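Summary of structural features
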There are 2 protein chains.
Amino acid sequence: MTAEVTGLMLIGAAAVRGSRGAICAVDPSSGEELQPAFPGGSADDVARACALAWAAFDTYRETAPEARARFLEAVAEALLGLGDGLIGRAMAESGLPRGRLEGERGRTVGQLHLFARLLREGAFIEARIDPALPERQPLPRADLRQRHIALGPVAVFGASNFPLAFSVAGGDTASALAAGCPVVVKGHSAHPGTSELVGRAVQQAVAACGLPEGVFSLLFGSGSEVGIALVTDPRIKAVGFTGSRRGGLALVAAAQARPEPIPVYAEMASINPVVLLPAALAARAEALGRDFVGSLTLGAGQFCTNPGLVFALAGSDLDRFVAAAAAVLQSSAAATMLTPGIHAAYEAGVAHLEGNAHARTLARGGKGAGPHQGCAALFMTDAAALAADPALTEEVFGAASLVVRCRDLDEVRAAIEQLEGQLTATLHADDADQGAARALLPTLERKAGRILFNGWPTGVEVCDAMVHGGPFPATSDSRTTSVGTLAIRRFLRPVCYQDVPDALLPDALKRANPLGVPRRMDGAFQGAAPG
Amino acid sequence: MTAEVTGLMLIGAAAVRGSRGAICAVDPSSGEELQPAFPGGSADDVARACALAWAAFDTYRETAPEARARFLEAVAEALLGLGDGLIGRAMAESGLPRGRLEGERGRTVGQLHLFARLLREGAFIEARIDPALPERQPLPRADLRQRHIALGPVAVFGASNFPLAFSVAGGDTASALAAGCPVVVKGHSAHPGTSELVGRAVQQAVAACGLPEGVFSLLFGSGSEVGIALVTDPRIKAVGFTGSRRGGLALVAAAQARPEPIPVYAEMASINPVVLLPAALAARAEALGRDFVGSLTLGAGQFCTNPGLVFALAGSDLDRFVAAAAAVLQSSAAATMLTPGIHAAYEAGVAHLEGNAHARTLARGGKGAGPHQGCAALFMTDAAALAADPALTEEVFGAASLVVRCRDLDEVRAAIEQLEGQLTATLHADDADQGAARALLPTLERKAGRILFNGWPTGVEVCDAMVHGGPFPATSDSRTTSVGTLAIRRFLRPVCYQDVPDALLPDALKRANPLGVPRRMDGAFQGAAPG
């Protein structure tokens with residue numbers, strides 16, 4: 001397997017040259033276009049990928065969990081087999097440094113292995129059996145068995161900011177494939193070469209595992225036509241998306257307007273409030289300021305969980321925090337942002353804050369030498385201004401954050417109560433802050449998918465307990481997560497089998513339990529401990 | 001507790017006279033209006049109920065599962081305490097016979113007890129713990145804990161056809177209250193007196209259990225204003241509905257158009273296909289015909305799972321089935337339908353089929369003597385006509401069904417493939433039919449929430465394994481069920497706690513597990529077997 005980029009789309013087992021407007025990646029560190037160009041797909045290409053996915057669906061969803069686990073492992077192996085060519089191309093297309101991308105590749109591979117383990121465990125099927133009660137009065141009970149099955153082919157839209165972990169073979173794809181759903185990816189236009197390479201790794205794994213070719217396709221397109229055609233194709237039954245609020249809401253609207261509406265899991269906008277409680281702030285204002293800027297500027301601030309809003313009580317401890325943060329931020333180097341468009345949007349957002357009469361600029365980071373480098377920015381306002389001007393709480397994607405000075409803890413709570421839904425909410429709290437923290441927790445639980453103490457929200461562990469989700473508009477569906485094992489549930493639905501003969505039951509529900517999956521039998525849990 | 005009906009709405013602990021257009025129940029067996037009238041609620045009434053629900057939410061959602069279990073049991077007890085007054089009023093308002101309503105009361109009470117057991121078990125919280133790994137390389141892992149919390153106040157719209165089990169204290173209310181969500185019910189205009197009585201039982205249980213009054217409110221309204229005001233109130237976070245496709249889709253549209261869209265669980269239209277496979281049909285055509293009409297005419301055909309479409313191969317066995325079904329149906333008595341409106345819609349639907357050039361009337365049931373009695377109707381068509389005319393597959397709510405003659409099993413499969421999503425799909429199959437059944441199963445799994453063998457879809461067991469749901473338009477969300485314990489999941493969302501001090505963790509996630517709930521610890525299942 002070589003890391004050669006050809007500019008082709010992958011439709012089932014075929015590699016296909018697009019016939020519409022081409023996209024070209026840009027190396028954001030130089031501003032130069034990267035070759036080759038990727039001609040975009042047509043409506044016919046979308047229809048072909050969806051037809052293949054549909055043709056594959058009934059077979060693929062009923063493969064044994066072990067077979068799907070091996071497939072995910074084969075994808076991981078093929079991904080690693082791309083070697084340094086993948087890393088080099090991803091670096092060129094994203095401006096992200098080698099270490100970060102090598103780490104992200106590890107995360108992507110780890111994610112595939114985690115879902116393989118989940119498949120082998122079998123609890124995700126949620127098998128439930130209520131045996132027949134033929135003698136029950138006044139009416140007998142039938143034999144009732146429930147399992148979860150795959151929803152159908154899934155459209156995945158890769159994110160710009162994680163060209164590996166949230167893209168072609170990222171979390172959405174891994175969880176959908178694990179659930180038994182064929183996947184049609186619309187590759188992100190910022191990293192088509194990376195997408196093609198990873199797509200070929202998946203395509204190779206599909207073939208090596210003897211699966212129907214329609215299990216995976218990868219399309220490109222320069223406008224919204226391919227994306228909308230994909231979401232409105234009747235054979236697509238769910239959508240995974242990570243990106244902007246505008247983009248996510250457009251997909252939600254298209255999905256809802258279908259004759260058969262389908263779920264869209266869009267991870268969109270979050271400004272990730274951080275609260276510095278008084279005792280913690282008094283005890284370590286300078287360290288908090290330093291660590292805050294470390295989280296803020298990580299990866300040029302291009303994380304969904306970037307800390308964009310910091311609440312604290314006005315006073316000398318906050319002044320110390322601000323001074324320390326400003327000092328570190330001023331000496332922070334500018335960093336190449338992912339795309340010229342993201343850089344331009346960042347500059348516009350920062351300029352908007354600089355021009356806001358209610359926000360004061362505390363510090364700017366070092367100016368960059370390259371064409372698309374973002375320089376960090378720290379602003380201050382107070383809670384009254386924040387309440388009066390909702391524009392202050394809009395996400396600026398990049399290393400910009402706003403410190404909100406509050407009179408008292410009630411004002412902190414009231415300010416957070418006014419925020420929209422968030423991926424994360426963070427408290428810095430010492431023992432003496434416990435009462436204040438306890439008073440804030442109900443609000444934070446209603447606002448965010450993840451609550452952190454004494455840490456920083458960047459860094460999202462891939463595990464059973466993670467929630468990378470949250471109330472609207474952090475996501476379009478707060479009942480789910482896009483990171484961690486619970487993500488598989490997005491692509492499943494329950495089906496009940498009543499008095500179905502054993503020979504015709506799916507294996508997970510057969511009397512002999514040939515898959516050995518954990519089951520709930522007449523209310524009681526049976527089988528090996530999950531994991 | 002007396003069974004006196006006063007015509008008042010229940011807003012928290014208060015009983016409030018509405019100020020808008022009044023609704024009056026009609027006794028469908030006589031066509032006479034029942035007293036008292038129920039003046040409808042205003043926008044202010046809706047806002048007050050929602051404000052109380054919101055004020056109650058943070059307290060109620062954090063009550064111990066045991067406290068909520070006792071509350072549900074108190075509701076059940078208060079409901080039984082209404083005695084025969086409740087049954088009499090429900091009979092007058094619905095035209096349903098005593099035995100049916102006594103059975104339905106038992107089901108309603110049983111449902112509340114089932115959720116009480118689910119609460120005591122604790123598995124619904126889905127507690128997951130990934131302990132910290134401070135020594136992990138290259139980065140330590142934080143302590144991560146996940147639980148599910150209540151979504152927020154829920155609006156429930158009662159169904160006409162189950163004035164107890166799918167209404168004020170029915171499945172939606174029981175599962176939402178179990179999840180920790182306050183409930184605001186919009187009572188169905190067909191049975192306001194029944195609704196008020198049951199509402200008073202819930203209100204009494206709220207007070208007796210010392211819960212915040214906003215945990216439950218009950219509103220009435222003659223048009224769609226109260227319902228739309230409820231669904232668009234920013235404090236409402238989810239909606240449960242059982243009723244017509246038009247009504248359900250109006251609520252979905254209103255919920256999606258909110259600044260913060262919310263999930264709507266609408267159980268809507270289903271025609272519930274039944275397939276008679278050749279060996280089963282040959283072996284017992286007459287018995288199948290008889291039992292089919294029994295299911296079709298049960299409760300005047302007013303079940304969501306009524307068998308509205310029967311597929312079989314043309315031939316003498318089908319002729320025998322049809323002859324037996326027609327004979328039983330012709331001698332079936334007309335039955336009073338739930339409301340004048342439902343009766344009128346039934347007559348219109350039947351007339352539409354009678355006038356359809358592609359449908360032949362096989363039999364009509366006996367004409368009724370009362371004003372709103374539906375007389376059963378059986379039609380026949382063939383698969384080609386069904387494919388050509390989608391109007392033939394539209395649900396006619398009531399005891400009307402259409403037999404579809406097919407050339408071969410491929411035509412059966414193709415016809416079902418063209419159907420919209422369904423609550424149920426039924427196969428009648430003998431051993432010799434196993435191959436045919438196996439070939440149909442993948443299609444049925446994609447089309448329906450419940451698959452039955454050798455039974456009839458009317459009759460929905462309340463248990464762990466039940467799925468009363470299915471792909472659109474059977475429901476607006478195929479990932480859920482409105483009957484059975486899984487229904488609680490509709491009203492929950494996951495939250496992750498990262499490095500939260502033990503003292504501040506919710507009980508379900510504390511180190512010592514004071515609630516004793518089953519938990520997934522570092523991938524392995526811990527705790528008492530559920531149930």
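My aim in this report is to walk through the structure given alongside it, one point at a time.

Definitions and limits used
- Residues numbered from 1 in each chain as written.
- Chains lettered and ligands numbered in written order.
- Predicted model: local features only at pLDDT ≥ 70, side-chain atom pairs only at ≥ 80, totals over all residues.
- Heavy atoms only, no water.
- Helix = DSSP H or I, 4+ residues; strand = E, 2+ residues; numbered from the N terminus.
- Buried < 20%, exposed > 50% of the residue type's maximum accessible area, 1.4 Å probe, protein only.
- Areas by Shrake-Rupley, 256 points an atom, 1.4 Å probe, with all protein chains shown as cover.
- Lys, Arg positive; Asp, Glu negative; His and termini not counted.
- Charge placed at Lys NZ, Arg CZ, Asp CG, Glu CD.
- Contact = heavy atoms within 4.5 Å.
- Buried area = accessible area lost by both parts, 1.4 Å probe.
- Salt bridge = Lys/Arg side-chain N within 4 Å of Asp/Glu carboxyl O.
- Least-squares fit on C-alpha atoms with pLDDT ≥ 70 in both.
- Core = buried A, V, L, I, M, F, W, Y, C linked by side-chain atoms within 4.5 Å.
- Pairing = 2+ DSSP bridges.
- Axes fitted to C-alpha atoms, helices over the stretch in contact; angles between N-to-C directions.
- Polar contact = N/O pair within 3.5 Å; in protein donor to acceptor, adjacent residues only side chain to side chain.

This part takes up the overall build of chain A. Regarding its fold elements, chain A presents 14 helices and 25 strands. Counting only C-alpha atoms, chain A reaches 75 × 65 × 40 Å along its principal axes. Among the 531 residues that make up chain A, the fraction classed as buried is 63%. Within the structure as shown, chain A displays about 17,300 Å² of accessible surface, and the carbon and sulfur contribution to it stands at 54%. Averaging the locations of the 46 positively and 53 negatively charged side chains of chain A gives two centres separated by 4 Å.

A few words on the interface of chain B and chain A. Taken together, the contact between chain B and chain A spans 74 residues of the former and 74 residues of the latter. Roughly 6,300 Å² of surface becomes buried between chain B and chain A when both sides are summed, with 52% attributable to carbon and sulfur atoms. Area buried by chain B at its contact with chain A is led by Glu445, Arg479 and Leu504 of chain B, which between them contribute 12% of it. Taken together, chain B and chain A are joined by 15 salt bridges. Measuring nitrogen to oxygen at the nearest pair gives 2.9 Å for the salt bridge that ties Arg520 of chain A to Glu121 of chain B.

Before going further, it helps to spend a moment on the relation of the copies chain B and chain A. Under the fitted operation, chain B is carried onto chain A by 0.0 Å of movement along the axis and a turn of 180°, and the coordinates agree to an RMSD of 0.0 Å. Between the two chains, the operation in question is that of a two-fold axis. Every residue of chain B has its C-alpha some distance from the rotation axis, and the shortest such distance is that of Gln256 of chain B, at 4.2 Å. When you check the interface residues of chain B against chain A, 100% turn up at the interface there too, and the contact is symmetric in its surfaces.

Turning to the nonpolar core, a few remarks are in order. The biggest cluster of nonpolar side chains holds 322 residues, and the ones touching the most others in it are Phe71, Phe311 and Phe321 of chain A together with Phe71, Phe311 and Phe321 of chain B. Non-local contacts of Phe71 of chain B, meaning those with residues more than four positions away in its chain, are made with Tyr60, Leu177, Val202, Ala205, Val206, Cys209, Leu211 and Val215 of chain B.

Attention now goes to the sheet that holds strand β17 (residues 360-364) of chain A. Spatially, the twelve strands line up as an open sheet ordered β17(A)-β19(A)-β20(A)-β15(A)-β14(A)-β21(A)-β22(A)-β23(B)-β8(B)-β7(B)-β24(B)-β25(B), and their pairing is mixed. On the outer flanks of this sheet lie β17 of chain A together with β25 (524-526) of chain B, each paired with one strand and no other. Neighbouring strand axes in the sheet, compared pairwise and without regard to direction, differ in orientation by 20° on average. Here three bridges tie strand β7 (residues 127-130) of chain B to strand β8 (residues 144-150) of chain B, and the two strands are oriented antiparallel to one another. Counted as the bridge partner of Ile129 of chain B is Arg145 of chain B from β8 of chain B. Against the sheet, helix α10 (residues 316-330) of chain A makes contact with β14 (273-276), β15 (309-313), β17, β19 (377-382) and β20 (400-406) of chain A, and its axis sits at roughly 45° relative to β17 of chain A, the strand it touches most.

Once that is clear, we can look at the side chain of Arg89 of chain B. Residue and element names in this part refer to chain B. If you trace the backbone, Arg89 turns up in helix α3 (residues 83-94). One polar contact links Arg89 to Glu93, side chain to side chain, over a distance of 2.9 Å. Beyond its immediate stretch of four places on either side in the chain, Arg89 contacts Val5, Ala25, Leu34, Gln35, Pro36, Phe38, Gly193, Thr194 and Leu197.

So, to be careful, I would describe these as geometric facts and stop short of saying anything about function.
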